[in-house]
Amino acid sequence: MEVGGIQALRRWRARQSGRVGLVPTMGALHSGHQALMTRARAESDLVVTSIFVNPLQFGADEDFVQYPRPIASDLAKCEEAGVDFVFAPALGEMYPSAPEVRVVAGRMGAVFEGEARPGHFDGVLTVVAKLFNLIKPDVTVFGLKDIQQFCLVKRMIADLDFDIEIIGLPVVRDADGLAMSSRNEYLSPSDRERALAIPRALDAAAEVAAGGAREGAASGGAASGGADSGEAVVESVADGVLPEAIESAARAVLESAAERGELDIIYLSLVDASTLRPCPADFRGSALLLVSATVGGTHLIDNLPLEF
């Protein structure tokens, strides 16, 4: 495995002739990231993982300085996953000066996470576009925990004509059902227990979506089933079940937790997966139940894919 910045990457890339897969990360890697690397390996001859904490996607009051950077541990996880090149540039390499030209995420980037974190997705898309230009991957793999990010990168690839295939892997969860995230490191044991209201809310929604009888659901709840399959788990909505009922089931769980002081709800919404607009009562197609909450000051997100 080779490790380096821009010049080392360019030298390495010039020597390669096979299909290249990219897994972009900000480091603080866990087994969820390794699942992305494994899928990238299955889809390509060579795998590049980027490790770069991107300042453009952090707000003024966010945790850029405190964001974990365990580089030795990260490199060990990359090597274990069979990564061929780790692109770990210095901040000054990626941004020798403040960029004047950036990618703008548009309406889809101004709602939900974008509303809570103005400019966040502009920063995400700008750095991903730079990674695409530098690494020139044939395929890129993203986790679907950050589903809004995935939707926006997919749209950028289409709108800006990047010749890159994008693959999304389902949320990878710990044994207790909590979605794996680098930010989980900020949770105290009691905070983590409180955070489990989020997957419980998604499970409640999935049960309503299935008409109250979720036959064949994986142990650990609808939100955790199939995480190792490499394919997104989509709950099929029973005939006659309305979007409002599904959203209300999840909201009841979260509001109960909020009333007990366990978390603060940022948003909860059932949306059209292609537009991120709220689903009307007669909706048909692919939908996402999006949820975000703060637990002990830690910002957590999760989602449930649904098919009407």
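The shown structure was predicted, so the numbers you read here are calculated from the model rather than taken from an experiment.

1. A closer look at the nonpolar core
- Phe87, Met94, Phe132 and Ile135 are the most contacted members of the largest nonpolar core, which totals 45 residues.
- Elements that contribute at least two residues to this core include exactly helix 1 (6–14), strand 2 (20–25), strand 3 (46–51), strand 4 (85–87), helix 6 (120–135), helix 7 (147–159), strand 8 (264–272) and strand 9 (286–295).
- For this core, the element with the most residues is helix 6, which contributes ten residues.
- Non-local contacts of Met94, meaning those with residues more than four positions away in its chain, are made with Ile6, Phe52, Phe87, Pro89, Val127, Lys130, Leu131 and Leu134.
- Core analysis: the next-biggest nonpolar cluster, separate from the first, contains 31 residues, Ala195, Leu202, Ala206 and Val241 among them.

2. Re empty space enclosed by the protein
- Per the stated rule, a full pass over the model turns up two cavities of 30 Å³ or more.
- Within this model, the largest cavity holds a volume of roughly 970 Å³.
- Mapped by element, the contributors of at least two residues to the lining of the largest cavity are strand 2, helix 2 (31–43), helix 6, strand 5 (139–143), helix 7, strand 9 and strand 10 (298–307).
- Top contributing element to the lining of the largest cavity by residue count: helix 6, with six residues.
- When the residues that make up the lining of the largest cavity are grouped by side-chain class, the tally is 28 nonpolar, 16 polar and six charged.

3. Observations concerning the pattern of salt bridges
- Tallying each qualifying case throughout the model produces 14 salt bridges.
- In this structure, Glu165 and Arg19 form a salt bridge, with 2.8 Å as the shortest nitrogen-oxygen distance. Of this pair, Glu165 sits in strand 6 (residues 165–169) while Arg19 sits in the loop between helix 1 and strand 2, and the two are 146 residues apart along the sequence.
- On the basis of relative accessible area, Arg19 is assigned to the partly exposed category, the value being 29%.
- Where Arg155 meets Asp159, a salt bridge forms, and the shortest distance between an N and an O atom there is 3.0 Å. In this pair, Arg155 and Asp159 both sit in helix 7, four residues apart, roughly one turn of the helix.
- Each of Asp174, Asp176 and Arg192 takes part in a single network of salt bridges with overlapping partners.

So, how was this worked out
- Along each chain, residues carry numbers from 1 onward, in the same order as the chain's sequence is written.
- Under the rules for a predicted model, residues below a pLDDT of 70 receive no local features and side-chain atom pairs below 80 are neither given nor counted, while totals for whole chains, interfaces and linings still include all residues.
- The side-chain values count all of the structure's non-hydrogen atoms but skip hydrogen atoms and water molecules.
- Definition used in this section: a nonpolar core is a set of buried Ala, Val, Leu, Ile, Met, Phe, Trp, Tyr and Cys residues joined via side-chain atoms within 4.5 Å.
- Each residue's exposure class comes from its accessible area (1.4 Å probe, protein chains only) as a fraction of the maximum for that residue type: buried when under 20%, exposed when over 50%, partly exposed otherwise.
- Numbering of helices and strands runs from the N terminus, with a helix taken as a DSSP run of H or I at least four residues long and a strand as a DSSP run of E at least two residues long.
- Note on contacts: a residue pair qualifies if any of its non-hydrogen atoms lie within 4.5 Å across the two residues.
- Put simply, the grid is 1 Å and covers the protein atoms alone, a cavity is a trapped set of points that fit a 1.4 Å probe, a pocket is an open set with protein on both sides within 12 Å along at least five of seven lines, and lining residues have an atom within 4 Å of a point.
- Grid points are joined across faces, edges and corners, and a volume is the space filled by probe spheres set on the points.
- Just so you know the grouping, Ala, Val, Leu, Ile, Met, Phe, Trp, Tyr, Cys and Pro go in nonpolar, Asp, Glu, Lys and Arg go in charged, and all remaining residues, Gly too, go in polar.
- Each salt bridge in this description consists of a side-chain nitrogen of Lys or Arg and a carboxyl oxygen of Asp or Glu lying within 4 Å of one another.

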